[in-house]
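Survey of secondary and tertiary structure
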Amino acid sequence: MTSAAHTGLFSKKMSPLYSFVLLSLIGAGFGSFNCLNPGYDCKNRGLCDYFGRCKCAQGFQGYDCGLDSSTISSSANCRAKCLNKGICHSNTVCYCTDDFIGAQCEIPVLSAKCGLDTMKVQGYQPLTFRGDMYLKQSMFGCQLREMVSDIPGMRLFELEIPHRAITPCALTKTQNNETGDTIYEVEIATAHNKGFFSMSDTVHTVKCVYESRRMGENPVDVTQAMNPFKVSLLNDNNEPAQQIQRGDPYFFNVETSGKFPDMKGTRLSYLEAYAVDQQTGMVKSIKLIENECPVRSTITGYGVSISNEEYSRAGFFIGRGKIESFNVIDQEPIRLDYRAKICTGQCRQAVCNSPSPVRIPPETPFKHLMAPVDIV
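Residues numbered from 1 in each chain as written. Predicted model: local features only at pLDDT ≥ 70, side-chain atom pairs only at ≥ 80, totals over all residues. Heavy atoms only, no water.

As recorded by an unreviewed UniProt entry, the protein carries the name EGF-like domain-containing protein 2 isoform X1 and is attributed to Crassostrea virginica.

Structure representation (structure tokens):
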């Protein structure tokens, strides 16, 4: 039995998990830096060329020549977790590409947060930015509004757009004929001088993808009514997980939903992580738990810790998979597929990493045997 959860870019038979990026973000690389624009100067004696790219002086590198090459840290010395191709330097600091910000390069400069019936576009700009961000179809009617920024040294611009918005601020809605998924997208223009768009300004697309199990503009999650399991994804603080960093643990919990009142326990029997390469459409999957046991080849091959646990709460026994986060495909969100069993009480646990059990002759009498019931 699988669950269908609604967020951007989740497909069938999965529960949500994004490693290193926001749950609802998809879109092209932003590429926001152009040294021809005001306030985007090349650092450390770098020179701006005709195309708006910085030509760095010897000993410096990066899109703005802001990285001293001599300070780059080796993987053994680095104590920072630099994401999204960020470069560790001075052992504890991340130098980000031009389309990510944050202490660990974890925040995209331009992103879309996908709600049930809205798309919220967010864009960050440096304090020196003096232009406008807006939907491409209307410079003056569909501007992103400046909000209080949560990132020091950056300005934040936002616009929440209803799926049903009409011209001029309407989203483009399409249907994927192969998957049935619904896609909402919009082009965001960034003009660095108020009132006009120049050759050095940019237009980028952000989009939200809604899986086909979610019907209509205001979909209803059928899993609460039909699924014997309730599934949740938590971080190590037992909070709902929306963003997990590499190496950090997360917990995949499965418990009874109350559909079968006499069933008090659950246990994970199978858990698989997979990702889709958005450029090629290729799918790569990794088994995490199989036949209730952590898959040893995944543990050794990816250098992660995996366990299949169980704990009790108010007389119920909850299956709990604990995984150290890792990427299946770099820069792509992780998706999870699972199978679980449901039991009248605490589920009998499988013995992992042991010889096959001895077969008992079929004529042996069994009394009061209660085997778990698998529901898949």
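Helix and strand content of the protein: two helices and 26 strands. A buried classification covers 48% of the 376 residues belonging to the protein. A separation threshold of at least 6 residues defines the contact pool for the protein, and within that pool the share at least 24 residues apart is 58%. (Helix = DSSP H or I, 4+ residues; strand = E, 2+ residues; numbered from the N terminus. Buried < 20%, exposed > 50% of the residue type's maximum accessible area, 1.4 Å probe, protein only. Contact = heavy atoms within 4.5 Å.)

What follows deals with the pairing of strand E19 (residues 249-256). Counting buried positions along E19 gives eight out of eight residues, so the element sits mostly inside the fold. Two strands pair when backbone bridges link them, and strand E18 (residues 229-235) and E19 are joined in this way by seven bridges, in the antiparallel orientation. By the bridge assignment for E19, Val231 is matched with Val254. Bridging between E19 and strand E24 (residues 316-324) involves six bridges; their strand directions are antiparallel. Bridge pairing in E24 places Phe252 opposite Gly321. (Pairing = 2+ DSSP bridges.)

Taken residue by residue, a regular strand's side chains alternate between the two faces of the sheet. Pairing of strand E15 (residues 172-175) with strand E16 (residues 182-191), which is carried by four bridges, proceeds in the antiparallel orientation. By the bridge assignment, Thr174 is partnered in E16 with Ile183. Between E15 and the antiparallel strand that follows it, E16, lie six residues; Gly180 among them carries a positive phi value of about 80 degrees.

Now for the confidence of the model for the protein. Confidence in the prediction for the protein averages 80 pLDDT; 81% of positions are at 70 or higher. The secondary-structure element of the protein with the lowest mean pLDDT is strand E26 (residues 373-375), recorded at 37, while strand E5 (residues 67-68) shows the highest, at 97. Below a pLDDT of 50 lies the segment residues 355-361, which in the model reaches one contact outside its immediate sequence neighbourhood of four places, other chains included. Within the model, the stretch residues 363-376 combines pLDDT values under 50 with 19 contacts to residues more than four positions away or in other chains. (pLDDT = per-residue confidence, 0-100.)

On to unusual backbone geometry. Of note, the bond from Thr167 into Pro168 is cis; its omega dihedral lies within 30 degrees of zero at 10 degrees. Structurally, Pro168 can be placed in the loop between strand E14 (154-162) and E15. Of note in the backbone geometry, Glu292 takes a positive phi value of approximately 75 degrees without being a glycine. Of note, Glu292 is situated in the loop between strand E21 (283-290) and strand E22 (293-294). With relative accessibility at 10%, the residue Glu292 sits in the buried group. Even without a glycine there, the phi angle at Ala314 is positive, about 55 degrees. Along the chain, Ala314 turns up in the loop between strand E23 (306-313) and E24.

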